[in-house]
Amino acid sequence: MDEQVTLKKKVDVSTRTADPASAEMLQQCTSCGGEYETAWDRYQAQQPQCGFGIQGICCRVCIQGPCRIVPKRPGQDRGICGATEYTIVARNIARYVAGGSSSHSDHGRHVAMTLLHMAEGKAPDYKIEDPAKLHRVAKMVGIPTDGKSDNQLAKEVALAALQDYGRWEPEACTFLTNTITEGRKAKFKHCNVTPTAIDQTIAQDLAQTTMGMDADPVNIVFGAIKTSLADYTGMHIATDIHDILFGTPKPVISEANLGVIDPDYVNIATHGHNPTLSSIVVDAARELQGEAKAVGAKGVNVVGICCTGNELLMREGVYLATNTAGQELAIMTGALDAMIVDVQCIAPAVRTLSECFHTRLITTSEQAKIPGSHHFDFHSEGAMEKAKEMVRLAIAAYKHRDPSKVHVPNVRNKVVAGWSLEALLDVFSKVNPEKPIKVLTDAIESGEIKGVALFAGCNNMKQPQDTGHLSILKALAKNDVFVVATGCAAGAMAKAGLLTPAAVDAYAGEGLKKFLKRLEEAAKPKYGLPLAFHMGSCVDNTRASDLLMMMADEMGVDTPKVPFVATAPEAMHEKAVAIGTWAVAMGLPTHVGVMPHIEGSQLVYGVATQIAHDVYGGYFIFEPDHAKAAKALVDALEYRSWKLRVHRATAEKYGTPLAAGY
Ligand code: NFS
Ligand code: SF4
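Everything numeric in this text was worked out from a predicted model, so none of it was measured.

## Description of the pattern of salt bridges
Working step 1: Taken as a whole and assessed by the stated rule, the structure comprises 38 salt bridges.
Working step 2: In this structure, D41 engages R16 in a salt bridge whose closest nitrogen and oxygen atoms are separated by 3.0 Å. With D41 in helix 3 (residues 39-45) and R16 in the loop between helix 1 (2-10) and helix 2 (20-31), this residue pair connects regions lying 25 residues apart in the sequence.
Working step 3: D41 gets classed as partly exposed once you look at its relative accessible area, which sits at 25%.
Working step 4: Each of K133, R136, D240, D243, E311, R315, E422, D540 and R543 takes part in one network of salt bridges that share partners.

Given below as structure tokens:
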């Protein structure tokens, strides 16, 4: 007993997480003598982390290296080849962007191939769930729709998407140029950063940053920006085709946090990113409820983790168990019979931990195998059969559960999700049927709300889980900011019960409250309106970008003048670096709450935080302090509104067009 008390005292779990369910699991894990190791323990064990790496001044792009830069020390202030700190920092960042872009766009390619296979009759388990979206996307990319069957159109949309990956003519990616403002199009063309093909752009970025290539930091950063726009293109493709195949999200009510794992059921967590797998697992689970009952369970309970969890939550109302930092904790409940993973953000540690329990870890992608787990090669052909095999594995595992190891925290919160841009506009249209978006822009121009903030990104062990997301959300809501969220940021808010109408009463400032209540009265949405609008997974950040573009067009300005900011309080993944980079290129003040490896070069730091503003109108705000970050974001919104008012007044006074500069 005494020993347990001392062990419990060893770690103050509040330094690890803001989530009560996670805290309870961590507490339990500490009290059992550290039997289970988590990412938090390994983070601690990794301290101190290498100072060269933290600053981005370690170069290992050739095998003469690694070269570590010691500024101002003659001989060591350059790599062996003579590369300076600014070249090395810029190269490292550009390679993060290339990594992130390859992840998102590979996902986009996968769903485009699924759509193609479906249209060709090779993937009978998939169908066109939203033909209206199919038509809208076809129109958007310039495909004539008249007299074509849905299948024909699906094939053409899939081919148009795939062309954006491999086009060799010098024409711009269509899913980029047809989804942005004229102003952005001209800006990207002028800066020579418009990608013509996603794969080529990523490969060129890697080529540009190899040993003995580009040494010019600004040119390297521009290459990274071009790559981030390829990232955006792949993400937009992914979101559009998800909607076509699985349906455009509509408001839905569900629950989130580890308490959704129900010991009475066979529990399956789907973890990763691609709904091509997880949505079929949900269907398979529905079909196999009887088999679960036959082994004594009440049925099969599918829960989601990370972005595939967001995808299922948005469309099917599937429970969200946790975001990325909690993935090990879901296994530690002892009640998870299988974790089915696809791609991205899957910590290899889940395999080691599943050894301590009966949990079956199932990998499904030929690009993401974890030694020792069950592997099912999952393809769009024969998808349902494979998914059923996986569900049956979970049902069989249920019998091996050790009841003495089951501990599920009793924390689950209501969440109102499903806010695709279409769903949001549908609410606005109840106030202004002709111009729904004007409801939002008018509220900003009148000062009722200060602007829009997009919350994106991950959890990062460098900060207690969810603290950044939650505290900055509360601060912005209090300051009347309209918030949309994606990915693990939205997951954090969902788990904490902040994606609910009740949270509006508790945390919204007077202006935001008035605005949301006005919308609620007009639209009478079934589940009410939440404090922040869950727009989906990380690829769905393009939904937020579409919102920005609509606002810019409605306000008659380009994006850098729109009171719209982005924040990734707990950014972790290379994908987050890619998204942050295109958010800046799209003209947004973009806050990052965990220092990226950029401080080793004042020049590159200055490009990201200042020069970027002069060229693109967007810029990075690197600020780990949540209160300061929130203030910087509110200031950025207020500055933009003020400037817009001044420019409007001047234009009216002198009868001139609205100033286009920023
Ligand atoms: Ni986005 Fe989603 Fe989460 Fe970060 Fe990972 S799950 S794609 S990368 S960790 S938000
Ligand atoms: Fe060192 Fe230059 Fe090789 Fe980098 S590219 S590891 S700086 S020699």
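Further notes follow.
## Observations regarding the coordination of the nickel atom of ligand 1
Working step 1: No other protein atom reaches the nickel atom of ligand 1 as a donor apart from C538 (SG), found 2.1 Å away.
Working step 2: Considering all four donor atoms around the nickel atom of ligand 1, angles at the metal cover 91 to 164° and the coordination shape is irregular.
Working step 3: Inspection of the secondary structure puts C538 in the loop between strand 13 (532-536) and helix 24 (541-555).

## So, the domain arrangement of the protein chain
Working step 1: Partitioning the protein chain into structural domains gives domain 1 (2-59), domain 2 (81-246), domain 3 (258-405) and domain 4 (414-654).
Working step 2: In this assembly, five residues from domain 1 lie in contact with five residues from domain 2.
Working step 3: Buried surface at the junction of domain 1 and domain 2, summed over both partners, amounts to about 350 Å²; 63% is from carbon and sulfur atoms.
Working step 4: Of all residues in domain 1, G56, I57 and C59 give up the largest surface area on contact with domain 2, accounting jointly for 83% of the area buried on that side.
Working step 5: At the boundary of domain 1 and domain 2, one finds zero salt bridges.
Working step 6: The tally of links between domain 1 and domain 2 comes to two residue pairs in polar contact (both at pLDDT 80 or more).
Working step 7: Of the residues contributing to the side of domain 1 that touches domain 2, the split by class is three nonpolar, two polar and no charged.

## Digging into the side chain of N460
Working step 1: Inspection of the secondary structure puts N460 in the loop between strand 11 (451-455) and helix 20 (467-478).
Working step 2: Only 2.8 Å separates the side chain of N460 from the backbone oxygen of A571, close enough to count as a polar contact.
Working step 3: When residues no more than four places from it in sequence are discounted, the contact partners of N460 are E570, A571, M572 and V594.

## What to know about unusual backbone geometry
Working step 1: P48 follows Q47 through a cis peptide bond whose omega is -10°.
Working step 2: Among the structural elements, P48 can be located in the loop between helix 3 and helix 4 (51-55).
Working step 3: Following G65, the chain continues to P66 via a peptide bond in cis, the omega torsion being 5°.
Working step 4: On the secondary structure map, P66 appears in the loop between strand 1 (58-59) and strand 2 (67-68).
Working step 5: Here N257, not a glycine, exhibits a phi torsion of approximately 110°, which is positive.
Working step 6: With respect to the helices, strands and loops of the structure, N257 is situated in the loop between strand 3 (252-256) and strand 4 (266-271).
Working step 7: Exposure remark for N257: the relative accessible area of 0% places this residue in the buried category.
Working step 8: The phi dihedral of D466 falls on the positive side, at around 75°, and the residue is not glycine.
Working step 9: As for its placement among the helices and strands, D466 is situated in the loop between strand 11 and helix 20.

## Section: the packing of aromatic side chains
Working step 1: The final tally for this structure, using the stated rule, is 12 aromatic pairs.
Working step 2: Here the aromatic rings of Y36 and F357 are separated by 5.1 Å at their centres, their planes lie at 40°, and the arrangement is tilted. With Y36 in the loop between helix 2 and helix 3 and F357 in the loop between helix 16 (349-354) and strand 8 (360-363), this pair connects stretches of sequence that are 321 residues apart. The residues Y36 and F357 share a single accessibility class, namely buried.
Working step 3: Their ring planes at 15° and their centres at 5.3 Å tell us that F620 and F622 sit as a pair that is stacked.
Working step 4: By the ring-pair criterion, three or more aromatic residues cluster together here, those being W419, F428, F482, F515 and F533.
Working step 5: The ring of F52 has R68 sitting right over it, with the charged end atom 5.1 Å from the ring centre.
Working step 6: The ring of F357 has K405 lying over it, and the distance from NZ or CZ to the ring centre is 5.3 Å.

## Digging into the packing of helix 5 (residues 85-119) against helix 10 (residues 198-208)
The angle between the axes and the distance between the axes are what describe a pair of packed helices.
Working step 1: Put simply, helix 5 and helix 10 touch, their axes get as near as 10 Å, and they point 160° apart. Relative to helix 10, the element helix 5 lies roughly antiparallel. The element helix 5 and its partner helix 10 pack so that their crossing is left-handed. When helix 5 is examined against helix 10, the residues A94, R95, A98, S101, S102, S105 and R109 are found in contact with a partner set consisting of I198, D199, I202, D205 and L206.
Working step 2: Class assignment of the residues belonging to the contact of helix 5 with helix 10 gives a composition of five nonpolar, three polar and four charged.

## Thoughts on the site of ligand 1
Working step 1: In the vicinity of ligand 1, the contacting residues are H273, C306, C307, T324, C345, G457, C458, C488, C538, M572, H573 and K575.
Working step 2: Taken together, the residues of the shell around ligand 1 sort by class into seven nonpolar, four polar and one charged.

## What to know about the nonpolar core
Working step 1: One finds L440, F455, F482, F515, L547 and M586 to be the most contacted residues of the largest nonpolar core, which totals 184 residues.
Working step 2: Considering every element that reaches this core, the biggest residue donor is helix 11 (residues 217-246), with 14 residues.
Working step 3: For F482, the contacting residues outside a window of four places in its chain are L424, F428, L440, I449, G451, V452, A453, L512, F515, L516 and F533.
Working step 4: One finds M25, V260, V303 and F357 within the second-largest nonpolar core, a separate group that totals 33 residues.

## Some details on the sheet that holds strand 14 (residues 564-568)
Working step 1: Strand order in the open sheet made by the six strands is 13-12-11-14-15-16, with parallel pairing throughout. Here the strands that pair on one side only, and so sit at the sheet edges, are strand 13 and strand 16 (619-622). Averaged over neighbouring strand pairs, the angle between their axes works out to 25° when direction is ignored.
Working step 2: Two elements, strand 11 and strand 12 (residues 481-486), share five bridges in a ladder whose sense is parallel.

Definitions and cut-offs
- Residues numbered from 1 in each chain as written.
- Chains lettered and ligands numbered in written order.
- Predicted model: local features only at pLDDT ≥ 70, side-chain atom pairs only at ≥ 80, totals over all residues.
- Heavy atoms only, no water.
- Salt bridge = Lys/Arg side-chain N within 4 Å of Asp/Glu carboxyl O.
- Helix = DSSP H or I, 4+ residues; strand = E, 2+ residues; numbered from the N terminus.
- Buried < 20%, exposed > 50% of the residue type's maximum accessible area, 1.4 Å probe, protein only.
- Donors = N, O, S within 2.8 Å, 3.2 Å for Na, K, Ca; no water.
- Tetrahedral: all angles 85-135°; square planar, octahedral: opposite > 155°, others 65-115°.
- Domains from an automatic or database assignment.
- Contact = heavy atoms within 4.5 Å.
- Buried area = accessible area lost by both parts, 1.4 Å probe.
- Polar contact = N/O pair within 3.5 Å; in protein donor to acceptor, adjacent residues only side chain to side chain.
- Nonpolar A, V, L, I, M, F, W, Y, C, P; charged D, E, K, R; others polar.
- Phe/Tyr/Trp six-rings, centres within 6.5 Å; stacked < 30°, edge-to-face > 60°.
- Lys NZ or Arg CZ within 6 Å of the ring centre and 35° of its normal.
- Axes fitted to C-alpha atoms, helices over the stretch in contact; angles between N-to-C directions.
- Parallel < 35°, antiparallel > 145°, perpendicular 65-115°, else oblique.
- Left-handed = near helix turned anticlockwise from the far one by under 90°.
- Near = heavy atom within 4 Å.
- Core = buried A, V, L, I, M, F, W, Y, C linked by side-chain atoms within 4.5 Å.
- Pairing = 2+ DSSP bridges.

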